[in-house]
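Chain by chain, the residues run as shown.
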Amino acid sequence: NDESLAKLVDAYNQMEEKGQQQLHIFFSSHGGESAMAEAMIEMINRYSQNTTLTAHSFLESSAFDIFFRVVCPRIILSTTVGCAHASRWLVHIMDGGVELDSREAFKIKYMKDSLVPRMKFYKTLGMTDEELEKINKGEDLYFNAKRLQKMLNTQLKNEIHRTRA
């Protein structure tokens, strides 16, 4: 949400003002708007050499995407629960033909267009075809910390192989 983005901007500004080299973010969220998530991902990645992101409690919805799309060092605490899903609103509209004004239609097109790359991204984390199908149907998928860590390890392993190729 806007407040989280503003806090992140403030934290990086304070880091620079104080001449600090590292920012350690303890991150827990039930999610928020995709646009805010994109901005947060961009900011964290811009400062990736100076940032560590530690997940605790909840990594749900857009927070799940933020955590797995940033390229800074990441840590998952043992009490963390993750949730990945497609927007229920998007799934409902794709299934049923709700009337939309032009602004809503534009947002839906953006969300639809982002769904395919998101599914491909989730696949790189080691999600199964069955799990991806559930997400496509609008179901929430929950993961314990052990499974989240396995996803992170799979992602890091894939990144290492990509850089060596």
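Residues numbered from 1 in each chain as written. Predicted model: local features only at pLDDT ≥ 70, side-chain atom pairs only at ≥ 80, totals over all residues. Heavy atoms only, no water.

Enquirer: Help me understand the packing of aromatic side chains in this model?
Expert: For any two aromatic rings, the description comes down to two numbers: the centre-to-centre distance and the angle of the planes. Inspection of the entire model under this criterion finds six aromatic pairs. Ring geometry for Phe 67 and Phe 68: centres 5.2 Å apart, planes at 85 degrees, overall edge-to-face. Using a relative accessible area of 0% as the deciding quantity, one classes Phe 67 as buried. Relative to Tyr 122, the ring of Phe 121 lies with its centre 6.4 Å away and its plane at 50 degrees, an arrangement referred to as tilted. There is no split in this pair, since Phe 121 and Tyr 122 are both buried. A connected cluster of aromatic rings, assembled from ring pairs, spans Phe 64, Phe 67, Phe 68, Phe 121, Tyr 122 and Phe 143. Its guanidinium or amino end placed over the ring of Phe 67, Arg 74 lies 5.9 Å from that ring's centre, counting from NZ or CZ. (Phe/Tyr/Trp six-rings, centres within 6.5 Å; stacked < 30°, edge-to-face > 60°. Buried < 20%, exposed > 50% of the residue type's maximum accessible area, 1.4 Å probe, protein only. Lys NZ or Arg CZ within 6 Å of the ring centre and 35° of its normal.)

Enquirer: Looking at this model, I keep getting lost on the side chain of Thr 51. Mind explaining?
Expert: Structurally, the position occupied by Thr 51 is in strand 2 (residues 51-60). Side chain to side chain, Thr 51 and Tyr 12 meet in a polar contact 2.7 Å long. Apart from the residues within four sequence positions on either side, Thr 51 is in contact with Tyr 12, Gln 22, Leu 23, Ile 25, Ile 44, Cys 72 and Pro 73. (Helix = DSSP H or I, 4+ residues; strand = E, 2+ residues; numbered from the N terminus. Polar contact = N/O pair within 3.5 Å; in protein donor to acceptor, adjacent residues only side chain to side chain. Contact = heavy atoms within 4.5 Å.)

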